[in-house]
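The chain contents come next:
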Amino acid sequence: MGFSLSLLNEIKLKKNCVNLPYDCSISQAKKNNLPTNIIMDHTLEVLIIEDSQSDAELNAHYLGKMGYEISFQRVENSEEMKDALKSQKWNIILSDYSMPQFDVLSALAIYHASGLDIPFIVISGAIGEEKAVEMIKAG
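Here the structure is a predicted model, which means the values were calculated and not measured.

## Looking at the overall build of the protein chain
When helices and strands are tallied, the protein chain shows six helices and four strands. Ordered by position from the N terminus, the helices and strands of the protein chain form the series α-α-β-α-β-α-β-α-β-α. Taken across its 139 residues, the protein chain has 38% of its residues classed as buried. Expressed as a percentage of contacts within the protein chain between residues at least 6 apart in sequence, the contacts between residues at least 24 apart total 69%. In the form shown here, the protein chain has an accessible surface area of approximately 7900 Å², with 48% of it arising from carbon and sulfur atoms.

## Points about the environment of Glu57
As for its placement among the helices and strands, Glu57 is situated in helix α3 (residues 53-65). Along the chain, Glu57 and Arg74 lie 17 residues apart, while their C-alpha atoms are 8.9 Å from each other.

## Focus on the nonpolar core
Judged by nonpolar contacts, the single largest core of 18 residues is most densely connected at Leu47, Ile49, Met81, Ile93 and Phe120. Contributing elements (two or more residues each) for this core: β1 (44-49), α4 (78-87) and α5 (104-114). Element by element, the count of residues in this core is highest for α5, at five residues. With residues up to four places along the chain from it excluded, the contact list for Leu47 reads Gln73, Val75, Met81, Ala84, Leu85, Trp90, Ile92, Ile93 and Leu94. Core analysis: the second largest hydrophobic core is formed by twelve residues, Leu44, Val46, Ala56 and Met66 among them.

## Re the pairing of strand β2 (residues 70-75)
Taken together, the six bridges between β1 and β2 define a ladder with parallel strand orientation. From the neighbouring strand, Ile48 faces β2, where its bridge partner is Arg74. Read as a crossover between parallel neighbours, the route from β1 over α3 to β2 is right-handed.

## Concerning the packing of aromatic side chains
Inspection of every chain in the model, using the stated rule, returns one aromatic pair. Taken together, a centroid distance of 5.2 Å and an interplanar angle of 50 degrees make the contact between Tyr111 and Phe120 tilted. Neither residue differs from the other here; Tyr111 and Phe120 are each classed as buried.

## What about the confidence of the model for the protein chain?
Close inspection of predicted coordinates is inappropriate in any region flagged by low pLDDT. Summary statistics for the protein chain give a mean pLDDT of 76 and a share of 66% for residues scoring 70 or more. Looking across the protein chain, the model is least confident in helix α1 (residues 5-8), with a mean pLDDT of 40, and most confident in α4, with 96. In this model residues 1-23 is a low-confidence stretch, pLDDT under 50, and it forms 54 contacts with partners more than four residues away in sequence or in other chains.

Cut-off values and rules
Residues numbered from 1 in each chain as written. Predicted model: local features only at pLDDT ≥ 70, side-chain atom pairs only at ≥ 80, totals over all residues. Heavy atoms only, no water. Helix = DSSP H or I, 4+ residues; strand = E, 2+ residues; numbered from the N terminus. Buried < 20%, exposed > 50% of the residue type's maximum accessible area, 1.4 Å probe, protein only. Contact = heavy atoms within 4.5 Å. Areas by Shrake-Rupley, 256 points an atom, 1.4 Å probe, with all protein chains shown as cover. Core = buried A, V, L, I, M, F, W, Y, C linked by side-chain atoms within 4.5 Å. Pairing = 2+ DSSP bridges. Right-handed = clockwise from strand over helix to strand, strands pointing away. Phe/Tyr/Trp six-rings, centres within 6.5 Å; stacked < 30°, edge-to-face > 60°. pLDDT = per-residue confidence, 0-100.

Structure follows, in structure tokens:
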């Protein structure tokens with residue numbers, strides 16, 4: 001399971017890329033001799049909603065390949081998600097579409113109820129058009 005790196009280029013963090021294009025990363029900044037301290041002054045805190053530890057690690061690995069320092073927590077049910085949202089400040093949420101104990105629509109409802117304004121990205125090996133429309137309507 002993976003996700004498009006071009007999609008990750010669209011992630012806009014509040015402390016990311018001051019006066020620079022939003023799709024810059026630390027590795028791109030180093031390559032262009034730009035100061036990296038203005039690009040990210042903290043670790044990317046990622047909440048991963050996923051039933052598989054190896055898939056969560058793979059997703060974190062892909063983010064790390066973009067030049068980010070990654071710290072992540074994996075949750076796999078609604079209670080763990082609620083606790084994680086209360087216990088820490090997150091920069092992004094990645095969610096598997098289908099899990100045995102939890103589903104993405106329930107995760108989206110918890111996310112909306114939290115009032116957070118951070119990217120929520122759904123990851124799926126393959127979903128149909130109907131399911132994609134359902135997620136878009138759910139926000």
